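Results of the structural survey
Each chain, letter by letter, is given below.
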Amino acid sequence: MKMMMRGSSWRGSSMAHNHWTSISSHPPFSDLSDINNNKCLPGQSLSSSNKINSKPKTLPREHIDRYKRGDTHPVSALYQLSQVLQFQLDMKETVTTAGITGFYFAFCAVIDGVQYKTGMGITKKEARAKAAELALEELIASLENDGIPSDVSAGPPPLPVREKDSTIPEVHSGRAVIAAGCEVVALGTGSSNTKSSPAPTGRILHDSHAVVTARRSLMRFLYRNLLLFFSKNSALEEKSVFQQDQTTKLLSLKNHFTLHLYLSQLPKGAAQIPSQLRLNPLSISAWEVNNQIGLHAVVEGKVFSKFSSSYEQMGSHVVSMSATDKIMQWQVLGFQGALLSHFIEPVYVSSIFIGNGSCSDTRGMEMAVNQRVDGITSALPLYYCVYRPHISLVSSAVPPDAHPSQKSLSLNWSHGDLLVEVVNALDGKSTEDSPFKSSPALASRLCKAAMLSRFNLVAKEAQREELLTAVTYREAKMMAKPYQEAKSVLKSYLERKGYGQWVEKPPISDHFSM
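As a starting point, this report considers the structure included with it. (Residues numbered from 1 in each chain as written. Predicted model: local features only at pLDDT ≥ 70, side-chain atom pairs only at ≥ 80, totals over all residues. Heavy atoms only, no water.)

Within the protein chain, the regular secondary structure consists of 13 helices and 18 strands. Taking all 514 residues of the protein chain together, the buried fraction comes to 53%. (Helix = DSSP H or I, 4+ residues; strand = E, 2+ residues; numbered from the N terminus. Buried < 20%, exposed > 50% of the residue type's maximum accessible area, 1.4 Å probe, protein only.)

See below:
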């Protein structure tokens, strides 16, 4: 699995029976797959004009009032409205208008393919803010003039319409084209979890599935960039992927950075449901629906529906939630986790690419990651939302290989590492012959204890003395109040909707200190 950014990103693939994932980052790029199937580019409409439709039950007055009072930055306010009103938003760099000369940057908001007025400034940040202000001016005026009916069945009101020429690039069927500029920032492989019992040491990796190792590698990348930002060295700070909101003091990714996830195959769990299954079925039993689209648990590499009798018989085995369920969770809570949320806003993935030649569609992934949490955003605390990634099939990055003896091994790497680390997933520690070994005890650099060490280092550099009072790993996590609130809302929502109960690791595994 790899993570990539535009600016950077992340992704994954299959080696032997391991699947790999990587995360990469970069400035937003165009994914041109499936256009021949009447799909659009992100932020682009198939027609020459478009209406922005919203389906909230109430006017998003709280968000609007916070923006009008000056409590929310224009760009943040626009993104918050995009989540509440469920429209696609892109901040696009463009050219200056009205014959203005001189060194200016220019941006415009593109909402559901509709381009709004151009904002200009002497810095990119200033230009983006001005573009957001101009778009908000029109959106808020329309919302307050037209209102939003409480009876959504009457149909959503149109928001302002702007004419826009739409050009759809010609592509060859079945192939995805991705613009240059991506950089892999984290990757991981693996397909198993440990047989070791949870213990209060924080030095055992209990889950070494590709999506988990890639995500934890991404967290190492984020910690590294936090240290750059708080270095008090302007040259190093400039190299960081973070910028600071002067109102909230939280950091966020710089606007030209977005994260993208590549998976070598469909993740385990509900993403692999039959394509004919429906969330509101008429022809099959409710039990079958729950069994397929509900939450899934993984025990010793085997996947069980939370509603199956086989799962109930697993007893004291180490249990992890399926990779699909974890991706769904991270697209609500952010990939950064509880500790990093003390410093940064939630970090979401903009696109998910699946390089699986045997996969015919992504419908199961769409349902499992996006549709199961539709409607939860309004109940979440500030900054948290349902971030719907663009999901598509792409060519496999690595040809399938078959070495069953390597099934228990997991690799991890993040941008800045000189060497990869090889972990034996069955015991949750680095192997004796791993290129990178953190210590003679072979604790992985992805383990909880390593993360707590980085957290304490960043807290010290950021002069967050209150965070250094946490005695244990669990205490530091529980101090992240908004994150814990969002997590509680998500669990309750899933259970209320009938998808099952989220499995938590035994608390003992978090009760350790450095």
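Next up on the list: the packing of helix α4 (residues 210-229) against helix α8 (residues 323-333). Axes are the key here: two packed helices are described by the angle between their axes and the distance separating the axes. At a minimum axis distance of 9 Å, the contact between α4 and α8 shows a crossing angle of 35°. Only Ala 323, Lys 326, Ile 327 and Trp 330 of α8 make contact with α4, whose side of the interface consists of Val 211, Val 212 and Arg 215. (Axes fitted to C-alpha atoms, helices over the stretch in contact; angles between N-to-C directions. Contact = heavy atoms within 4.5 Å.)

Moving on: the sheet that holds strand β13 (residues 319-321). Overall, antiparallel pairing links the three strands, which are arranged β12-β11-β13 in an open sheet. Each end of this open sheet is capped by a strand with a single partner; those strands are β12 (302-305) and β13. On average, each strand axis in the sheet is inclined to that of its neighbour by 35°, with strand direction left out of account. With four bridges joining them, strand β11 (residues 296-299) and β12 adopt antiparallel strand pairing. Residue His 296 lies in a different strand from β12, and its bridge partner there is Ser 305. (Pairing = 2+ DSSP bridges.)

On to the side chain of Gln 243. Tracing the sequence through the fold places Gln 243 in strand β8 (residues 242-244). Engagement of the side chain of Gln 243 in a polar contact is seen with the side chain of Asn 255, the distance being 3.0 Å. When near neighbours in sequence (up to four residues on either side) are disregarded, Gln 243 contacts Phe 229, Leu 250, Leu 251, Ser 252, Leu 253, Lys 254 and Asn 255. (Polar contact = N/O pair within 3.5 Å; in protein donor to acceptor, adjacent residues only side chain to side chain.)

So, on to the pairing of strand β17 (residues 421-424). With four bridges connecting them, strand β16 (residues 409-414) and β17 associate as antiparallel partners. When the bridges of β17 are listed, Leu 409 appears paired with Asn 424. What sits between β17 and strand β18 (residues 429-430) in their antiparallel hairpin is a turn of four residues, with Gly 428 showing a positive phi close to 70°.

In contact at an axis separation of 10 Å, α8 and helix α13 (residues 481-496) are set at 135° when each is read in the N-to-C sense. In terms of orientation, α8 lies oblique with respect to α13. In this structure, the crossing between α8 and α13 has a hand that is right-handed. Of the residues in α13, those in contact with Met 328, Gln 329, Val 332 and Leu 333 of α8 are Tyr 483, Ala 486, Lys 487, Leu 490 and Leu 494. (Parallel < 35°, antiparallel > 145°, perpendicular 65-115°, else oblique. Left-handed = near helix turned anticlockwise from the far one by under 90°.)

Okay, the sheet that holds strand β5 (residues 105-111) next. In sheet architecture, strand pairing relies on hydrogen bonds along the backbone and comes in two forms, parallel and antiparallel. Strand order in this open sheet of three strands is β4-β5-β6, and the pairing throughout is antiparallel. On the outer flanks of this sheet lie β4 (89-93) and β6 (114-121), each paired with one strand and no other. Neighbour-to-neighbour, the strand axes of this sheet turn through a mean angle of 25°, independent of strand direction. Pairing of β5 with β6 involves six bridges; the strand directions are antiparallel. Within β6, the position partnered with Val 110 by the bridge is Gln 115. Here helix α2 (residues 74-84) sits on the sheet and contacts β4 and β5; the angle it forms with β4, its principal contact strand, is near 145°.

The next subject is the environment of Val 471. Here Val 471 lies in the loop between α11 (448-461) and α12 (473-478). Classification of Val 471 as exposed rests on a relative accessible area of 55%. C-alpha of Val 471 to C-alpha of His 511: the two residues are 40 residues apart in sequence and 9.1 Å apart in space. Every residue in contact with Val 471, bar those within four places of it in the chain, is listed here: Phe 512 and Ser 513.

Moving on to the layout of surface pockets. Size it by volume and the second largest pocket reaches roughly 950 Å³. As for the second largest pocket, its lining consists of 43 residues, of which Lys 448, Lys 477, Lys 487, Glu 504 and Lys 505 are closest to the centre. At the level of elements, α4, β13, α8, α9 (337-340), α12 and α13 are the ones that each hand at least two residues to the lining of the second largest pocket. Each residue belonging to the lining of the second largest pocket can be placed in one class, and the counts come to 19 nonpolar, eleven polar and 13 charged. (1 Å grid on protein atoms, 1.4 Å probe; cavity = no way out; pocket = protein on both sides within 12 Å on 5 of 7 lines; lining within 4 Å. Points joined across faces, edges and corners; volume = space filled by probe spheres on them. Nonpolar A, V, L, I, M, F, W, Y, C, P; charged D, E, K, R; others polar.)

The subject of this paragraph is the packing of aromatic side chains. Evaluated as defined, the whole model comprises six aromatic pairs. Considering the side-chain rings of Phe 343 and Phe 455, the 5.7 Å spacing of their centres and the 55° angle between planes classify their relative orientation as tilted. Of this pair, Phe 343 sits in the loop between α9 and β14 (349-354) while Phe 455 sits in helix α11, and the two are 112 residues apart along the sequence. Relative accessible area serves as the criterion here: at 0%, Phe 455 is assigned to the buried category. Taking the centre distance of 5.4 Å and the plane angle of 15° together, the rings of Tyr 348 and Tyr 387 count as stacked. Pair noted here: Tyr 348 is in the loop between α9 and β14 and Tyr 387 is in the loop between α10 (363-370) and β15 (390-393), with a separation of 39 residues, a long-range link. Taking relative accessible area as the criterion, Tyr 387 reaches 24% and is therefore assigned partly exposed. The aromatic ring of Phe 107 is capped on one face by Arg 128, whose charged end is 4.9 Å from the ring centroid. Above the plane of the ring of Phe 436 lies Arg 445, whose end atom (NZ or CZ) is 4.5 Å from the centre. (Phe/Tyr/Trp six-rings, centres within 6.5 Å; stacked < 30°, edge-to-face > 60°. Lys NZ or Arg CZ within 6 Å of the ring centre and 35° of its normal.)

We now examine the pattern of salt bridges. According to the stated counting rule, one finds 16 salt bridges in the structure shown. One salt bridge in this structure joins Arg 224 and Asp 417, with 2.9 Å as the shortest N-O distance. In this pair, Arg 224 is assigned in helix α4 and Asp 417 in the loop between β16 and β17, connecting sequence segments 193 residues apart. The exposure class assigned to Asp 417 is buried, which follows from its relative accessible area of 11%. Notably, a salt bridge pairs Glu 504 with Lys 487, separated by 3.9 Å at the nearest N-O pair. Taken together, the positions of Glu 504 in the segment after α13 and Lys 487 in helix α13 put the pair 17 residues apart, joining distant regions of the chain. (Salt bridge = Lys/Arg side-chain N within 4 Å of Asp/Glu carboxyl O.)

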